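Chain by chain, the residues:
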Amino acid sequence: MPLTHAVPTGFIPSANTEAARAFYEGALELRFIADEPFALVFRVGPDPGTDLRVVRVGAKHQPVEFTIFGWEVQGLEDVVDKLMAKGVQFRRYPGMEQDERGIWHAPGRAKIVWFQDPDGNTLSIAEHYA
């Protein structure tokens, strides 16, 4: 497949890119690359990284209930603690057994947490095969 080895780009909609920049750059500590006419650009992942574009969509933005972007990490508990110290609040879902940090221990060994950005977009952090 021609796209198998292509570098992906992520897109996250935003009605308020000023608040989004403060969140993604400040709380999540993503590397800010550019403020372009249509999007804020951040670099994510190991070097050379890939672009995450927070797209200016204005008032028409309607967040969805499902996860739209996520990160795979090692040492999920440590990452969660650091983000909690920066004010990130993790979501809790009825019927899911989540620990005191909000971490769901999935069948198998995966651990996952969910949180929202200022626009209400649901994001996740996971550690598989911990």
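Residues numbered from 1 in each chain as written. Predicted model: local features only at pLDDT ≥ 70, side-chain atom pairs only at ≥ 80, totals over all residues. Heavy atoms only, no water.

Caption draft 1: Molecular detail of the packing of aromatic side chains. The tally for this structure, following the rule as stated, stands at eight aromatic pairs. Between tyrosine 24 and phenylalanine 42 the ring centres are 5.9 Å apart and the planes differ by 40 degrees, which places this aromatic pair in the tilted class. With a gap of 18 residues between them, tyrosine 24 in helix H1 (residues 17-27) and phenylalanine 42 in strand E3 (residues 39-44) connect regions that are remote in the sequence. Grouping residues by exposure puts tyrosine 24 and phenylalanine 42 together as buried. The interplanar angle of 75 degrees and the centroid separation of 5.7 Å between the aromatic rings of phenylalanine 90 and phenylalanine 115 together place this pair among those described as edge-to-face. With a gap of 25 residues between them, phenylalanine 90 in the loop between helix H2 (76-85) and strand E6 (104-105) and phenylalanine 115 in strand E7 (residues 111-116) connect regions that are remote in the sequence. On the accessibility criterion, phenylalanine 90 (13% relative accessible area) is buried. Taken together, Phe23, Tyr24, Phe32, Phe42, Phe90 and Phe115 form an aromatic cluster joined through their ring pairs. The ring of phenylalanine 32 carries the charged tip of arginine 21 above its face, separated from the ring centre by 3.5 Å. (Phe/Tyr/Trp six-rings, centres within 6.5 Å; stacked < 30°, edge-to-face > 60°. Helix = DSSP H or I, 4+ residues; strand = E, 2+ residues; numbered from the N terminus. Buried < 20%, exposed > 50% of the residue type's maximum accessible area, 1.4 Å probe, protein only. Lys NZ or Arg CZ within 6 Å of the ring centre and 35° of its normal.)

Caption draft 2: Focus on the pairing of strand E2 (residues 31-35). Relative to E3, E2 runs antiparallel, the two being bridged by four bridges. When the sheet's bridge partners are listed, aspartate 35 is paired in E3 with leucine 40. Hairpin connection between E2 and E3: a loop of three residues separates the two successive antiparallel strands. (Pairing = 2+ DSSP bridges.)

None of the figures reported here should be taken as evidence of function without further support.
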